[in-house]
Amino acid sequence: MIELLGLLLVIQGAGGLINRLAGCTNPSWFVQLHLLPPQLHIAASAVLLAVGAGVLFAGQARKRRRDHL
């Protein structure tokens, strides 16, 4: 279940970041682009991407540690 949350955050972050860096003005289905003011879009997307990647890596590390015990 934690992997699903991490994957969702990575998708939202990466997609929102690509959306803004490509110069699109349509917020599409990226939540942070609908909720936050435009000046925070890139920063929020980068944070979501980083947090999502951290959650995924932490989940994998926890799974490996549990399997080695």
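Since we're looking at a predicted model, the values are computed, not measured.

Peer 1: How would you sum up the overall build of the chain? Please name residues and give values.
Peer 2: Check the secondary structure of the chain and you find 3 helices and 0 strands. Its helices and strands taken in sequence order, the chain reads α-α-α from the N to the C terminus. The globule rule puts the C-alpha radius of gyration for 69 residues at 11 Å, and the 14 Å found for the chain is more than 25% above it. For the C-alpha atoms alone, the extent of the chain along its principal axes is close to 50 × 20 × 15 Å. Here the chain, with 69 residues, has 26% of them falling under the buried criterion. Taking the contacts inside the chain whose residues are at least 6 apart along the sequence as the reference set, 47% of them involve residues at least 24 apart. Carbon and sulfur atoms form 72% of the exposed surface of the chain, whose accessible area is close to 4,800 Å².

Peer 1: Lay out unusual backbone geometry in plain terms, naming residues and giving numbers.
Peer 2: Positive phi is not limited to glycine here, since Ser28 has a value of about 55°. Note on placement: Ser28 falls in the loop between α1 (2–21) and α2 (31–35).

Peer 1: I'd like a description of the confidence of the model for the chain, backed by residues and values.
Peer 2: For the chain, the mean per-residue pLDDT works out to 92, and 100% of the residues sit at or above 70. The element-level mean pLDDT for the chain is lowest in α2, coming to 92, with α1 highest at 94.

Peer 1: Summarise the pattern of salt bridges; cite the residues concerned and give the values.
Peer 2: What the rule picks out here adds up to 1 salt bridge. For Lys63, the salt bridge identified is with Glu3, shortest N-O distance 3.8 Å. Highlighted residues: Lys63 in helix α3 (residues 41–68) and Glu3 in helix α1, separated in sequence by 60 residues. The class for Lys63 is partly exposed, based on a relative accessible area of 33%.

Peer 1: Account for the environment of Gly54, with residues named and values stated.
Peer 2: Tracing the backbone shows Gly54 in helix α3. Put simply, Gly54 and Leu7 are 47 residues apart on the chain and 10 Å apart in space, counted from C-alpha to C-alpha.

Calculation notes
Residues numbered from 1 in each chain as written. Predicted model: local features only at pLDDT ≥ 70, side-chain atom pairs only at ≥ 80, totals over all residues. Heavy atoms only, no water. Helix = DSSP H or I, 4+ residues; strand = E, 2+ residues; numbered from the N terminus. Rg over C-alpha atoms; globule rule 2.2 N^0.38 Å. Buried < 20%, exposed > 50% of the residue type's maximum accessible area, 1.4 Å probe, protein only. Contact = heavy atoms within 4.5 Å. Areas by Shrake-Rupley, 256 points an atom, 1.4 Å probe, with all protein chains shown as cover. pLDDT = per-residue confidence, 0-100. Salt bridge = Lys/Arg side-chain N within 4 Å of Asp/Glu carboxyl O.

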